[in-house]
Every structure is written in C-alpha cells, then in structure tokens.
There are 2 protein chains.
Amino acid sequence: MPRVPGSKTPPDDAAALTAAQDRFIEVWGQMGSAWGISRTMAQVHALLYISAQDLCTDDVMDRLDISRGNASMSLRALVEWGIVERVHRRGDRKEYFRAEPDPWVMFRAILRQRLKREVEPLLASLYEIRDATRHSRADAGSLATEHNRRLESILNAFSTLELVSAKFIGPAGEGLLQAASLLASIDHDPEQQRRTHA
Amino acid sequence: MPRVPGSKTPPDDAAALTAAQDRFIEVWGQMGSAWGISRTMAQVHALLYISAQDLCTDDVMDRLDISRGNASMSLRALVEWGIVERVHRRGDRKEYFRAEPDPWVMFRAILRQRLKREVEPLLASLYEIRDATRHSRADAGSLATEHNRRLESILNAFSTLELVSAKFIGPAGEGLLQAASLLASIDHDPEQQRRTHA
DNA sequence: CCGAAGTTTCAAGAACGACTGAAAATTGGA
DNA sequence: TCCAATTTTCAGTCGTTCTTGAAACTTCGG
C-alpha cells in the first residue's frame, strides 16, 4: 500500500521500520531453526526483541500471522528459556511480554538452558556407558581398549567444555567474556568485520 | 542371541562392546538432532568415531540399518564438515571412512563450518538491515531509534562472538583452549564433574 | 458467585525434512 | 575399450515436528 504523496499520515518511515523488523524477524527465525529452535519461536523472540515494546499474545498473533495456540506455546517457551519475561499493566487484564534487551544476558541464559537440557544428560549417559564397559575383562583385544580410549577422550572434552561454559554463565562470566574479547581482538582492526560482510 | 555357555566363540565381551557402541550411537544421535544436525548423520559419525576403525558404506548401512542412499549422503556430508576423511586401501576398490579421533580438532572443524554457514550470513544480513534503515530521517520517533540501538547491540555481540570463535579456530586455538580450561578449572576439584553426573 | 476476558491445552491435520531404492554415473582393472 | 564393482543422485514416500482451532480452564471484576 503505497503512501499518498503529501498525505498527512506519518511518512514511510513507519513502513520502512516495519520492513526492517520483518527482515530481522525472518533472519533470526532462520538462524534459530539452524540451531534447533523452532522457527516460529525464534521469530516471536525476534519480534519482541526488535520492536522494543511489550506485546501481548494478540499483538504477536496478528503481526506474525500465527494461531493463538502457537503464540501461547512459543511465548511460554521463551519465558522458560529465561529470555522473555511476563509483564503486567495495572488496570489491564492482559499479559504482556518483554524480551531481554542485553544480548549477552540472553546468550548466557540460552547457554545455561542448553547445558542443562542437552549437555548434562549427554555427559551422564557417557559416564554410564563408560562404567558399564569398564568392568569387562582387561583387554579382550585392542578394539575394546580403543573404544574405551575414545570414550574417555570425548568425556574429557565435554567436561572441559562444560567447565568453561559454567564459568561464562556464572557471576564471573561477564569478566571472562571481556577478557576473551580483548584477547580475541588483539591485532584486529575493529572495522575489519564490517568489510568482510559488506 | 544369548551365548552358548562354554562355547568356543569369544565371550560376551564382543556383545558388550557392541551394546556400548549402540548406546553411544544413540546418545550422540540425540545430541546431534538437538543441535540441528540430522540424527542419522550424527549416528554415522558416532559409529565411525566409536568403532575406531575405517568402515565402508556397506558396513555403515548394515550396522545402522539405513539405506545406501542415506549412508552415502551422510558420509559425504561428514567429509564436507571435515570431521571424517576418505581412506583408500590398495587392492581394494571400496572407499573407507575414518573419523577424526581428536575431539578438539572435531569441535573446531564443526565450529568453523557453522560460523561460515550460519553466523557469517546472519551477520551480513544484519549489516544490510542496519544500513537500509540508517538513512531514514533522523529520528522519526524513539521507536526507530530504539530499533537501531537494538540492532547495533546484537551486531556487536555477534561480531565479538565471531572474533572469539575465530581465535579458537585459528592456529592459536589450541593454546586459547588450554588457557580457558585452566582458567575455568581454578578452584574446581577435577573429579567434581563425575559426581555431578553419577 | 457469576460471567466475561484471557490463557492454556491437545487432538487432528498440515508442512517439512529425512529416507528409500532403483536408475544413472563413475571408477578402476583386465 | 569394456565390464563389473562401487558410488551418487533424486523423485517419491514416509515419519516427525509444527501448527491450528476449538474446547477447557483460569482469573478477576462486579
């Protein structure tokens, strides 16, 4: 719907903003699905994040053109992930939702959840498998020996990964990040990234 | 198929090994699908990794009970990811496949690919969106302003993430990891992990 | 305590990606 | 060069996950 020239309504800036939001929502949704988050859930999050306003279920439904059930599920999941919070307005019965504005806080929340949901169970299973095998006769051929060695390797690697992540998640995390980013950016032109993607 | 007692065939150690492998394959497949890798592909990788032998397409098909097409596709993808290599045996026309044995080398290969495939395009899109919006009139309301601020935030965060990852991937990566793991493990009992998951 | 506004649940269906199997292409040896 | 072994491709099918929509539920004001 093109703007009427000279119209008194706000200029196309509003439309441009909406378009930019849509692109962001699209892109964020893509990324989400590549990392095992449902596309819609990522899009709901993108909308809340980029619009920088508290939105209610109906706002989300209308803007993303999804069903009420879907919106409800996605919002609940985002709240469970700790990257969206419910907010209430006095004199209004509706619930509104607000996205965590700090990306680093968001990353840490996501990492925390994924560690708990995916890495911890994995580690537990790996330990179980190792222990079930361990007691078998000394070495009934190097096959079993090599199997054990590999299991041990992967266990060590994941344990370390978990420890590092725990530090990042924990209270010292902010500091650790700064240290790492400082470390990482040594001998890097700060605008170098830009050019790479331009 | 229970073992005949006193049989001359090798004891159930072989069966136990197979069972352990199966569990590993299962668990690894689960994890893969949680992180956006097809379950089968992750299982093929698990099999190659844990069996610590070079296997051919038919071995994989038979062991995982999947079709030839699927096995072929999965193996090719794993090779593209750089965590499995093709090996040839002289006098044998078949191709065999071997998994990278070092988990850290593997992690770095995976990270490298995911950065290239998912994060870089994301960053490129985000820059594009930012620049498309940038030239709109100064601030036609704080909505657009806040939009820009948020876009900027997420851009900064991802740029930093990419820089840190690049360091980890690059030649200094091994060292960086050691530093991080050392840093992370300060005031941690090395067997503490174990108990957590036991 | 009732009724309206709002939210959640869940069975059925739609949409999506994965898998199969057979045909086509490739490869190496004779 | 030809043949047989092996690998790759891809259209169709299959299975899983996502989405819908309406009913059940909850909550709050009156």
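Residues numbered from 1 in each chain as written. Chains lettered and ligands numbered in written order. Predicted model: local features only at pLDDT ≥ 70, side-chain atom pairs only at ≥ 80, totals over all residues. Heavy atoms only, no water.

**Q** Which residues make up the packing of helix α2 (residues 39-51) of chain B against helix α3 (residues 57-64) of chain B, and what are the values?
**A** All names here are of chain B. Their axes nearest at 11 Å, the elements α2 and α3 cross at an angle of 110 degrees. Between α2 and α3, the crossing angle belongs to the class labelled roughly perpendicular. Crossing hand, α2 versus α3: right-handed. Listed contacts from α3 to Gln43, Val44 and Leu47 of α2 are Val60, Arg63 and Leu64. Of the residues contributing to the contact of α2 with α3, the split by class is four nonpolar, one polar and one charged. (Axes fitted to C-alpha atoms, helices over the stretch in contact; angles between N-to-C directions. Helix = DSSP H or I, 4+ residues; strand = E, 2+ residues; numbered from the N terminus. Parallel < 35°, antiparallel > 145°, perpendicular 65-115°, else oblique. Left-handed = near helix turned anticlockwise from the far one by under 90°. Contact = heavy atoms within 4.5 Å. Nonpolar A, V, L, I, M, F, W, Y, C, P; charged D, E, K, R; others polar.)

**Q** Give a description of unusual backbone geometry that names residues and reports values.
**A** All names here are of chain B. Its identity is not glycine, yet alanine 52 carries a phi of approximately 55 degrees, on the positive side. In this structure, alanine 52 sits in the loop between α2 and β1 (55-56). On the basis of relative accessible area, alanine 52 is assigned to the partly exposed category, the value being 25%. In this structure, aspartate 65 is a non-glycine residue whose phi angle is positive, near 55 degrees. Tracing the backbone through its elements, the reader meets aspartate 65 in the loop between α3 and α4 (68-81). (Buried < 20%, exposed > 50% of the residue type's maximum accessible area, 1.4 Å probe, protein only.)

**Q** Quick rundown of the protein's contact with DNA strand D? Include the residues and the values.
**A** Within the structure, DNA strand D sits among 18 residues, and A:Thr40, A:Ser67, A:Arg93, B:Arg76 and B:Glu95 are positioned closest to it. In DNA strand D, atoms within 4 Å of the protein come 56% from sugar and phosphate. In this structure, a phosphate oxygen belonging to DNA strand D sits 2.8 Å away from a side-chain N or O atom of B:Arg76. Of all the elements in the fold, those that place two or more residues in the surface near DNA strand D are α4 (68-81) of chain A together with α4 of chain B. Ranked by the residues each element gives to the surface near DNA strand D, the list is headed by α4(B), at five residues. Taken together, the residues of the surface near DNA strand D sort by class into two nonpolar, eight polar and eight charged. (Near = heavy atom within 4 Å. Polar contact = N/O pair within 3.5 Å; in protein donor to acceptor, adjacent residues only side chain to side chain.)

**Q** Which residues make up the packing of aromatic side chains, and what values go with them?
**A** Geometry of an aromatic ring pair is reported as the spacing of the ring centres plus the angle between the planes. All names here are of chain B. In this structure the tally under the stated criterion is eleven aromatic pairs over all chains. With a centroid separation of 5.3 Å and 85 degrees between ring planes, the pair formed by tryptophan 104 and phenylalanine 107 is classed as edge-to-face. Separated by three residues within a single helix, tryptophan 104 and phenylalanine 107 lie in helix α5 (residues 103-134), roughly one turn from each other. The buried category is assigned to tryptophan 104, whose relative accessible area is 13%. (Phe/Tyr/Trp six-rings, centres within 6.5 Å; stacked < 30°, edge-to-face > 60°.)

**Q** So, the pattern of salt bridges: which residues are in play, and what are the values?
**A** Residues and elements named next belong to chain B. Inspection of the entire model under this criterion finds 24 salt bridges over all chains. With a closest N to O distance of 2.9 Å, arginine 149 and glutamate 146 form a salt bridge. Note that arginine 149 and glutamate 146 are positioned in helix α6 (residues 142-169) at a spacing of three residues, about one turn of the helix. One salt bridge in this structure joins glutamate 146 and arginine 150, with 3.4 Å as the shortest N-O distance. With a gap of four residues between them, glutamate 146 and arginine 150 both fall in helix α6, about one helical turn apart. For glutamate 146, a relative accessible area of 23% puts it in the partly exposed group. Judged by its relative accessible area of 12%, arginine 150 is buried. (Salt bridge = Lys/Arg side-chain N within 4 Å of Asp/Glu carboxyl O.)

**Q** Lay out the protein's contact with DNA strand C with the relevant residues and their values.
**A** Within the structure, DNA strand C sits among 17 residues, and A:Arg76, A:Glu95, B:Thr40, B:Ser67 and B:Arg93 are positioned closest to it. Those atoms of DNA strand C that come within 4 Å of the protein belong to sugar or phosphate at a rate of 56%. Here a phosphate oxygen of DNA strand C sits 3.2 Å away from a polar atom, N or O, in the side chain of A:Ser72. At 2.7 Å, a backbone N or O of A:Glu95 approaches a phosphate oxygen of DNA strand C. Mapped by element, the contributors of at least two residues to the surface near DNA strand C are α4 of chain A together with α4 of chain B. By residue number, the principal contributor to the surface near DNA strand C is α4(A), which donates five residues. Of the residues in the surface near DNA strand C, the class split is two nonpolar, eight polar and seven charged.

**Q** Hey, could you go over the packing of helix α3 (residues 57-64) of chain A against α4(A) for me, with residue numbers and the actual values?
**A** All names here are of chain A. Following both chains from N to C, one finds α3 and α4 inclined at 115 degrees, their axes separated by 9 Å at the closest point. The way α3 lies across α4 gives a crossing that is right-handed. Of α4, the residues touching α3 (which contributes Thr57, Asp58, Val60 and Met61) are Arg68, Ala71 and Leu75.

**Q** Quick one: what's the story with helix α1 (residues 13-34) of chain A, residue by residue and with numbers?
**A** In a regular helix each residue adds 1.5 Å, so 22 residues correspond to 32 Å; α1(A) covers 32 Å between its end C-alpha atoms and thus fits that length. Looking at α1(A), one finds that the buried residues are A:Asp13, A:Leu17, A:Ala20, A:Gln21, A:Phe24, A:Ile25, A:Val27, A:Trp28, A:Gly29, A:Met31, A:Gly32 and A:Ala34. Check the buried side of α1(A) and you find it contacts α2 (39-51), α3 and α5 (103-134) of chain A together with α5 and α6 of chain B. Phi turns positive one or two residues past the end of α1(A), at A:Gly36, with a value near 80 degrees. (Expected span 1.5 Å × (residues − 1).)

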